[in-house]
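# Understanding the architecture of this molecule
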Amino acid sequence: MPRGMRAAATVELDAIRQNVAALRRRAGGRPLMAVVKSDAYGHGMVPAARAALEGGASWLGTAVPEEAFGLRAAGVTAPVLCWLWTPGGPFRTAVQNDVDISVSARWALDEVVDAAREAGRPARVHLKADTGLGRNGCMPADWPELVAAVRAAEAEGSVRAVGVWSHFAAADEPGHPSIAAQLTAFRDAVAAAEAAGLRPELRHLANSPATLLLPESHFDMVRTGIAVYGISPVPDEGGPADFGLRPAMTLSAALANVKEAPAGHGVSYGHTYRTPGSTTLGLVPLGYADGIPRHASSAGPVLVGGKLRTVAGRVAMDQFVVDLGGDLPVVGDEAVLFGPGDRGEPTAEEWARAAGTIAYEIVTRIGVRVPRRYAGRGPAASGEVGS
Ligand SMILES: Cc1ncc(COP(=O)(O)O)c(C=O)c1O
């Protein structure tokens, strides 16, 4: 932690590159879409996207259009699929920026067709089927009408149906009955699209857990998010190393204060923690405004001075305290909240367990006040700090 830095999320770009390569091997060499929505799950969208492409990804996936346009503005030219749209798009900007558009409903198709006519070129669309997630996607009952309308739009030259796709509800729960049902529903949706005359070249369904555990779901491309960042989507089945993955992000901070405290001293709001004996307290300058879950109060693990400590009392907006048990590190010494685990530091998965959530949320919610630093070889990011 360089002097003058309060905290940093250090992202190993090599880990991202290698994770993508490992996932592609797992997917039998199929093309891989790296999901870089939500600032690449908190890792920094553009550097992470570049590293993923260098590691062998050929597609990028975003939820919202601002993310897709951000990639284009940064000069990223790889194919991008964007899937969460609201009326008004902006679909014309998407067509002009070569952003592939997910279409789940007739209203979206109608707007996309208008945008393509205005732009004077066909829109590339991926038709999303609700095969059982019950979130976005077209219901089976509405699918025949949607695919017929897409076919008509293809015939007039305003859209090109590049893909048919869907998303799993419980691929992270091996044996969950929804998995087989969704595979069947997906095959049915593809067959209906083909029967209507569409020729989608990309059928894609597999998220990270399905990429790791369900080869029959790989179809023409896998669409991985969390595993690209080295976090296991199925921690009960195996940790990152079991799948050849390495967590890319390390979150650390400089201790902002170290002090001695007597027995029975109340710590942080509400005094939910009292020192059990005379001890030393370290102040970690990160709080829930930075994405540290308040639910991890008196539970989150932190490495300080080579030993694992636990959050003492409540996580506040900007800071929390660890009980150092009488050790006296120097102010400014590093507190490591999570990382790959090499140095004995906790992992994001351990924070997730402490907070009663999933590791996806731990990394994704690290806030904008925490600067991202990039470690690793190669051109993915300017400002890399070296390996
Ligand atoms: C539609 C869609 N596809 C793929 C993903 C990637 O999922 P995962 O991070 O589990 O790989 C997500 C993430 O939520 C998603 O919303």
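Residues numbered from 1 in each chain as written. Predicted model: local features only at pLDDT ≥ 70, side-chain atom pairs only at ≥ 80, totals over all residues.

What follows covers the overall build of the protein. Along the protein, the regular secondary structure elements total 11 helices and 19 strands. Put simply, the protein has 387 residues, and 51% of those count as buried. Across the protein, contacts joining residues at least 24 apart in sequence account for 64% of those joining residues at least 6 apart. (Helix = DSSP H or I, 4+ residues; strand = E, 2+ residues; numbered from the N terminus. Buried ≥ 20, exposed ≤ 12 C-beta atoms within 10 Å, placed from the backbone. Contact = placed C-beta atoms within 7 Å.)

It is worth spelling out the sheet that holds strand S1 (residues 7-12) at this point. Ordered by their spatial adjacency, nine strands build an open sheet running S11-S14-S17-S16-S15-S18-S10-S1-S19, and the pairing between neighbours is mixed. Only two strands of the sheet have a single neighbouring strand rather than two, namely strand S11 (257-261) and strand S19 (372-375). Adjacent strand axes in the sheet meet at a mean angle of 35° when their direction is disregarded. Bridging between S1 and S19 involves four bridges; their strand directions are parallel. Bridge pairing in S19 places alanine 9 opposite arginine 372. The sheet strands contacting helix H1 (residues 13-26) are S1 and S19, and the helix crosses S1 at an angle near 40°. (Pairing = 2+ DSSP bridges. Axes fitted to C-alpha atoms, helices over the stretch in contact; angles between N-to-C directions.)

Turning next to the site of the ligand. Close contacts around the ligand come from Val35, Trp83, His167, Asn207, Ser208, Arg223, Thr224, Gly225, Ile226, Ala227 and Pro233, and that covers them all. Along the lines of polarity and charge, the residues of the shell around the ligand split into five nonpolar, five polar and one charged. (Near = placed C-beta within 6 Å. Nonpolar A, V, L, I, M, F, W, Y, C, P; charged D, E, K, R; others polar.)

If you look at the biggest cluster of nonpolar residues, it comprises 124 residues, and the most contacted ones within it are Ala34 and Val112. Counting only domains with at least three residues in this core, you end up with domain 1 (13-230) and domain 2 (249-375). Once residues within four sequence positions are removed from consideration, alanine 34 is found in contact with Val20, Ala49, Ala52, Ala57, Leu60, Gly61, Thr224 and Val228. (Core = buried A, V, L, I, M, F, W, Y, C linked by C-beta atoms within 7 Å. Domains from an automatic or database assignment.)

On to the packing of H1 against helix H3 (residues 45-54), then. Where H1 meets H3, the closest approach of the two axes is 7 Å, and the angle between their N-to-C directions is 45°. Looking at the two axes, H1 sits oblique to H3. Here H1 and H3 pass one another in a crossing that is right-handed. In this structure, H1 contributes Leu13, Ile16, Arg17 and Val20 to the contact, and H3 contributes Pro47, Ala48, Ala51, Ala52 and Glu54. (Parallel < 35°, antiparallel > 145°, perpendicular 65-115°, else oblique. Left-handed = near helix turned anticlockwise from the far one by under 90°.)

Backbone-to-backbone hydrogen bonds join strands into a sheet, with any given pair of strands oriented parallel or antiparallel. Read around the barrel, eight strands follow the order S2-S3-S4-S5-S6-S7-S8-S9 and close on themselves; strand pairing throughout is parallel. The average angle at which neighbouring strand axes cross in this sheet is 30°, direction not considered. In the packing of helix H8 (residues 177-195) onto the sheet, the strands contacted are strand S6 (123-128), strand S7 (159-165) and strand S8 (202-206), and the crossing angle to S7 comes to about 160°.

Residues annotated by UniProt as "binding site: substrate" (unreviewed entry) correspond here to Arg135 and Met317. Annotated residues spanning 183 residues; largest pairwise C-alpha distance 32.5 Å, indicating distribution over more than one region. Of the residues examined, arginine 135 has 10 C-beta atoms within 10 Å and is grouped as exposed. Mapped onto the fold, methionine 317 is located in the loop between strand S16 (307-312) and strand S17 (320-323). The contacts of methionine 317, once residues within four sequence positions are left out, are Gly287, Tyr288 and Ala289. (UniProt positions renumbered as here; feature names shortened; annotations may be inferred.)

Here the bond from glycine 89 into proline 90 is cis, since omega is 10°, no more than 30 degrees from zero. With respect to the element layout, proline 90 can be found in the loop between strand S4 (80-82) and helix H5 (91-96). Of note, the phi angle at alanine 40 is positive, near 55°, even though the residue is not glycine. Along the chain, alanine 40 turns up in helix H2 (residues 37-41). A positive phi angle, near 55°, is found at serine 298, a position not held by glycine. For serine 298, the location among the structural elements is in the loop between strand S14 (279-284) and strand S15 (301-304). What makes serine 298 partly exposed here is the crowd of 17 C-beta atoms within 10 Å.

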